[in-house]
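These are the residues of each chain, in order.
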Amino acid sequence: MTMTTEQAEWFAGTFEKISDNIGQAILGKEDVISLVLTAMLTDGHVLLEDAPGTGKTMLARSLAATVKGTHSRIQFTPDLLPSDVTGVTIYDQRTQEFEFHRGPIFANIVLADEINRASPKTQSALLEVMEEARVTVDGVTYANERPFMVIATQNPIEQAGTYRLPEAQLDRFLIKTSIGYPDRSSTVELLSGAATKDRSGALSPIITTQAIRDMAELATTVHVDGAVLNYIAELAEETRDADETRLGVSVRGAMAMVRAAKVRAASRGRNYVLPDDVKDLAPHVWTHRLVLDPEAEFAGATAPAVLTRVLAQVDAPQHRAEAPVRVGAAASAGAGTSGDPAARSGSTAAGA
């Protein structure tokens, strides 16, 4: 069943209300807020990499304050243990039974502050929970409640005493982005309210976790034409075949693009995905998944430049696929071939 026009309009309106609420604390960063909300509505995770003082932690707090759910903050340090994240099993002498004490990872929104300061052993404790929203401790599996999202931050300036995130963990993040410094007018407005140290504290929750789950389920019904799916697959293949890359976009990365593109389309009041949705999201969804060849990197190649070239080389589809493309449900839930809007799936590709 494909999302109706009325449902798309409701989705876009609700998405805007959530974004506006967060925007009261994070001024002038509508695009970044939209990316974070897109990740939340696809059960994805976000990696914020930026200089100190740009509002990374504030963004995570503002999202947690907007959603009527649980949230937690983990300050990653070199001495942090995996059990400090996931929880630990303790023997209770009164009941003579082992009792599991849940760690801070059991929350709807988890802020992993300065994630690259923790040891690789502690970082690996996040792999299972980020991928499957569950934790296994002492052979027992504990499920986390949806929605579940990790917003991790890292400082690219100070590298002393840090541990680079491995490619396997980077691939778990749906989106990697940076906030950047605000423009002049936003800076002036922030300075005028400098007495308020935490602007997120003034935000009120406006949506429940159940409503977030409903929006996420509704987003899966956005139509993705076979031509757009083929476009995504071709882009992924081109990143793998590029001379500068040792590893290109994985299948997980291609599927993540489909899910993110569906949410982006719905957030703009459409029940169908355009090639432009893919182009707009590619720098944030795919750049961190590219592993460059060391010699090419030494020669000056960068992942953003490689992806930009690939996007320019591969032609966006201008027409619907003549026959439906068979794909797995995880990548194409709701992707049918009926409905006139889908015929315009390549209408804005020219000149993009």
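Further up the page is the structure itself.
Quantities reported herein were computed from a predicted structural model and do not represent experimental measurements.

Basis of the calculations
- Residues numbered from 1 in each chain as written.
- Predicted model: local features only at pLDDT ≥ 70, side-chain atom pairs only at ≥ 80, totals over all residues.
- Heavy atoms only, no water.
- Pairing = 2+ DSSP bridges.
- Helix = DSSP H or I, 4+ residues; strand = E, 2+ residues; numbered from the N terminus.
- Salt bridge = Lys/Arg side-chain N within 4 Å of Asp/Glu carboxyl O.
- Buried < 20%, exposed > 50% of the residue type's maximum accessible area, 1.4 Å probe, protein only.
- Arc of directions from axis to C-beta.
- Contact = heavy atoms within 4.5 Å.
- Phe/Tyr/Trp six-rings, centres within 6.5 Å; stacked < 30°, edge-to-face > 60°.
- Lys NZ or Arg CZ within 6 Å of the ring centre and 35° of its normal.

**Quick word on the pairing of strand 4 (residues 87-92)**
Every other side chain in a regular strand lies on the same face of the sheet, so the side chains alternate between the two faces. As paired elements, strand 4 and strand 5 (residues 97-102) share six bridges and run antiparallel to each other. Paired with Thr 89 across the two strands is Phe 100, which belongs to strand 5. Counting the residues that bridge the hairpin from strand 4 to strand 5 gives four residues, and of these Gln 96 lies at a positive phi of roughly 55 degrees.

**Things to note about the pattern of salt bridges**
With the rule as written, the count across this model stands at 17 salt bridges. Between Arg 73 and Asp 113 there is a salt bridge whose closest N-O contact spans 2.7 Å. Of the two residues, Arg 73 sits in strand 3 (residues 71-75) while Asp 113 sits in strand 6 (residues 109-113), which places them 40 residues apart along the sequence. Judged by relative accessible area, which is 43%, Arg 73 ranks as partly exposed. Overall, Asp 113 belongs to the buried group, its relative accessible area being 6%. The salt bridge involving Glu 217 is made with Arg 146; its shortest N-O contact spans 3.4 Å. Of the two residues, Glu 217 is situated in helix 8 (residues 209-219) and Arg 146 in the loop between strand 8 (140-143) and strand 9 (149-154); the sequence distance between them amounts to 71 residues. On the accessibility criterion, Glu 217 (45% relative accessible area) is partly exposed. Of the residues examined, Arg 146 reaches a relative accessible area of 31% and is grouped as partly exposed. Within the structure, one salt-bridge network assembled from shared partners comprises Glu 131, Asp 171, Arg 172, Arg 252 and Arg 289.

**Concerning helix 13 (residues 303-313)**
Within the span of helix 13, buried status applies to Ala 303, Val 306, Leu 307, Val 310 and Leu 311. On an axial view of helix 13, the arc spanned by its buried residues comes to 135 degrees, and they lie on one face. In helix 13, the exposed positions that point more than 90 degrees away from the buried face belong to Thr 308 and Ala 312. Looking at the packing, one finds that the buried side of helix 13 touches helix 9 (226-241), strand 12 (245-247), helix 11 (275-285) and strand 13 (291-292).

**Focus: the packing of aromatic side chains**
By the definition in use, this model includes four aromatic pairs. Between Phe 11 and Phe 15, the aromatic rings sit 6.4 Å apart at their centres with planes inclined by 20 degrees, giving stacked as the arrangement. Residue Phe 11 and its partner Phe 15 are located together in helix 1 (residues 5-23), separated by four residues, close to a single helical turn. Exposure class is identical for Phe 11 and Phe 15. Each is buried. On the numbers, 6.0 Å between centres and 75 degrees between planes, the contact of Phe 100 with Phe 106 is edge-to-face. Overall, Phe 106 belongs to the buried group, its relative accessible area being 14%. An aromatic cluster of three or more residues is present, and its members are Phe 100, Phe 106 and Tyr 142. The lysine or arginine in question, Arg 102, covers the ring of Phe 106, its NZ or CZ lying 4.5 Å from the ring centre. Over the face of the ring belonging to Tyr 272 we find Arg 270, whose NZ or CZ atom lies 5.8 Å from the ring centre.

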